[in-house]
Amino acid sequence: MKIQNLPNEFEMARPVLQTIESAGFEAYFVGGSVRDTILGLPIHDVDIAASAYPAEIKELFKRTVDTGIEHGTVMVLDHGNGYEVTTFRTESGYQDYRRPDQVTFIRSLDEDLKRRDFTINALAMREDGEVIDLFNGLTDLKRRLIRAVGDANVRFNEDALRMMRAVRFASKLDFSIDPDTMSAITTHSHLLAKIAVERIYTEFVKMMMGSKPRLGLQDMCNTKMIDYVPEFKNYLPGIKKIIALPEFRLKNEFQVWGLISFSFGLNHKQISELLKRWKAANQTIEATQKIVTALRELVAHGLNSMTLFNTGQSLLGDTMGVARALNISVDETKVMQRYDQLPIKNVHELAINGGDLIKAGVLKPGPELGRILKQLQSVVINGELNNDQPTLLEHARVILSHERKGEI
Ligand SMILES: Nc1ccn([C@@H]2O[C@H](COP(=O)(O)OP(=O)(O)OP(=O)(O)O)[C@@H](O)[C@H]2O)c(=O)n1
Ligand SMILES: [Mg+2]
């Protein structure tokens, strides 16, 4: 098959392939970009595989970076763009079912394609658009099937993460998993316990952001993979709840963890514990906590102004996204209108700051300042007082005098 009208990303990279080929080597586009182009999906980057060894690639181009040279990958810089060129290789010395320790560079495309995970990922494309398809990947793309290259048991023994990749691609592309491949996943699901949590995290989040996340979770349950993700231990009822939801789409990582934490019924501390076990970034933990707080209020009595303020516009958008997924009915326009009408959107918009309070002789520098400012901020946000400096100075004085009287 020959693909006509290649997306621009391929056109831009074409000179790199031509340079390699004119030196007498072979070069192809490989991996996800070929798969996604045939499916008519947008692509982000192109991967190139070549028969030239890394040292030979480096001789052919003026500017290269050794991004992963021990695995055969050299980044070629061309017209301001970087292209990863990986030497054809076989992988050996897989240790503990993780990524290979050793790779052997080879000159044969066939051997390189043979070591790849799924038939739809084992396509190679020449710079003119001609597709090399040794394992019926094109048929599987048409049948919408995830099928291991060769013996699925061998593929998953080589790299157990591939089992998560199978459910990730099935969810992302709305494909089914070939029965032999599925049964090999069930046989080897325990090997997932050996995989670093960070690698599972990436695949899991991508799966949840796919078009069929519920099927992905169901597949993880059916194959028992879920039992070997210790981060989900004790949360099976929550997972079942998500599977029982109507079909949904999530836009980003925050929405994924928001949906999960809400469905698991977690409080802030539990969210932090769960996500720390997943080695999530602090930003993700905080965002998830805010989304869950907002969701709880939405369900209970509607969002209060302080929560609108604390959540912020972008995470409010994510909260609406999760509410939609959870089938919680919300008047989204009204929520956003109320946010737009908040008297201040961030702490800098408050008409008074610590310096002003000190200058006016209300307070001395110290920890009291922050506390009083927080109170002023909250009366403004709740609409109890106007956001102007004299009013707020006066209110600060009132708070302090009440407090002092209270102390006596
Ligand atoms: N555990 C893995 C990871 C990758 N690959 C091969 O390396 C290619 C590139 O890997 P990667 O970029 O991780 O995946 P893509 O298929 O390109 O998907 P994505 O859209 O997520 O980049 C895959 O297509 C596949 O041929 C593999 O065989 N086994
Ligand atoms: Mg890729």
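Small disclaimer: the values here were computed from a predicted structure and weren't measured.

1. Quick notes on the packing of helix H14 (residues 282-300) against helix H15 (residues 305-325)
Here is step 1: Packing of H14 against H15 brings their axes to within 8 Å, and their N-to-C directions diverge by 80 degrees. Here H14 is positioned roughly perpendicular relative to H15, judged by the angle of their axes. Residues Ala287, Lys290, Ile291, Thr293, Ala294, Leu295, Glu297 and Leu298 of H14 form the contact with H15, whose own contacting residues are Thr307, Asn310, Thr311, Leu315, Asp318, Thr319, Val322 and Ala323.
Here is step 2: Tallied by class, residues from the contact of H14 with H15 come to eight nonpolar, five polar and three charged.

2. Quick notes on the UniProt feature "binding site: ATP" (unreviewed entry) in the protein
Here is step 1: Using the residue numbers shown here, the UniProt feature "binding site: ATP" (unreviewed entry) corresponds to Gly32, Arg35, Arg116, Asp159, Arg162, Arg165 and Arg168. Cross-referencing the annotated residues with the largest pocket identifies Gly32, Arg35, Arg116, Asp159, Arg162, Arg165 and Arg168 as lining it.
Here is step 2: Mapped onto the elements of the fold, Arg35 is located in helix H2 (residues 32-38).
Here is step 3: Of the residues examined, Arg35 reaches a relative accessible area of 5% and is grouped as buried.
Here is step 4: Ignoring any residue separated from it by four or fewer positions in sequence, one finds Arg35 in contact with Ile120, Asn121, Leu141, Phe169, Lys172 and Leu173.
Here is step 5: Its place among the elements puts Arg162 in helix H7 (residues 161-173).

3. A look at the pairing of strand E3 (residues 64-68)
Here is step 1: Examined bridge by bridge, E3 and strand E4 (residues 73-78) share three bridges and lie antiparallel to one another. In the strand pairing of E4, Gly68 is matched with Thr73.
Here is step 2: Between E3 and E4, which follow one another and run antiparallel, lie four residues, and Gly72 among them has a positive phi close to 95 degrees.

4. Let's talk about the packing of helix H11 (residues 236-243) against helix H12 (residues 253-264)
Here is step 1: For the pair H11 and H12, the least separation of the axes is 8 Å and the interaxial angle reads 120 degrees. By the criterion of interaxial angle, the relationship of H11 to H12 is oblique. For the pair H11 and H12, the crossing hand works out as right-handed. Where H11 approaches H12, its residues Gly238, Ile239, Lys241 and Ile242 are matched on the opposing element by Leu259, Ile260, Ser263 and Phe264.
Here is step 2: Tallied by class, the residues present in the contact of H11 with H12 amount to five nonpolar, two polar and one charged.

5. Observations regarding the domain arrangement of the protein
Here is step 1: Domains assigned within the protein are domain 1 (1-140), domain 2 (144-229), domain 3 (246-342) and domain 4 (347-404).
Here is step 2: For domain 2 and domain 3, the distance between their C-alpha centres works out to 28 Å.
Here is step 3: At the interface, 14 residues of domain 2 touch 17 residues of domain 3.
Here is step 4: For the domain 2 and domain 3 pair, buried surface summed over both sides reaches about 1,400 Å², with 70% attributable to carbon and sulfur atoms.
Here is step 5: Where domain 2 packs against domain 3, one counts one salt bridge.
Here is step 6: The salt bridge involving Glu198 is made with Lys279; its shortest N-O contact spans 3.8 Å.
Here is step 7: Taken together, the connections running from domain 2 to domain 3 amount to four residue pairs in polar contact (both at pLDDT 80 or more).

Reading the values: rules and limits
- Numbers given to residues run from 1 along each chain, matching the order in which its sequence is written.
- In the order they appear in the text, chains get letters beginning with A and ligands get numbers beginning with 1.
- Given that this is a predicted model, residues contribute local features only at a pLDDT of at least 70 and side-chain atom pairs are listed and counted only at 80 or more, while totals for whole chains, interfaces and linings are drawn from all residues.
- For side-chain calculations, the full set of non-hydrogen atoms in the structure is used, while hydrogens and water are omitted.
- Lines fitted to C-alpha atoms define the axes, with helix axes restricted to the stretch in contact, and inter-axis angles between N-to-C directions lie between 0 and 180 degrees.
- A run of H or I in DSSP counts as a helix once it spans at least four residues, and a run of E counts as a strand once it spans at least two, with each numbered from the N terminus.
- Convention used here: angles under 35 degrees read as roughly parallel, angles over 145 as roughly antiparallel, angles from 65 to 115 as roughly perpendicular, and any remaining angle as oblique.
- The contact criterion used throughout is that any non-hydrogen atoms of two residues lie within 4.5 Å.
- Gly counts as polar in this scheme, as do all residues outside two lists: the nonpolar Ala, Val, Leu, Ile, Met, Phe, Trp, Tyr, Cys and Pro, and the charged Asp, Glu, Lys and Arg.
- UniProt positions are given in the numbering used here, feature names are shortened, and annotations may be inferred rather than shown by experiment.
- Cavities and pockets are defined on a 1 Å grid built over the protein atoms alone: a cavity is a set of grid points where a 1.4 Å probe fits but cannot escape, while a pocket is an open set with protein on both sides within 12 Å along at least five of seven lines, and lining residues are those with an atom within 4 Å of any such point.
- Burial here depends on accessible area, computed with a 1.4 Å probe over protein chains only, as a share of the maximum for the residue type. Under 20% is buried, over 50% is exposed, and the range in between is partly exposed.
- The pairing criterion is simple: DSSP has to find at least two bridges between the two strands.
- Crossing handedness: left-handed means the near helix sits turned counterclockwise from the far one by under a right angle, and right-handed means the same turn made clockwise.
- Note that domain bounds follow an automatic or database assignment of domains.
- Put simply, buried area is the surface a 1.4 Å probe can reach on two separate parts but cannot reach once they are joined, added for both.
- Here a salt bridge means any side-chain nitrogen of Lys or Arg lying within 4 Å of a carboxyl oxygen belonging to Asp or Glu.
- Polar contact is defined as a pair of N or O atoms within 3.5 Å, subject to the rule that within protein one atom must be able to donate a hydrogen and the other to accept it, and that residues adjacent in sequence are counted only when both atoms are side-chain atoms.

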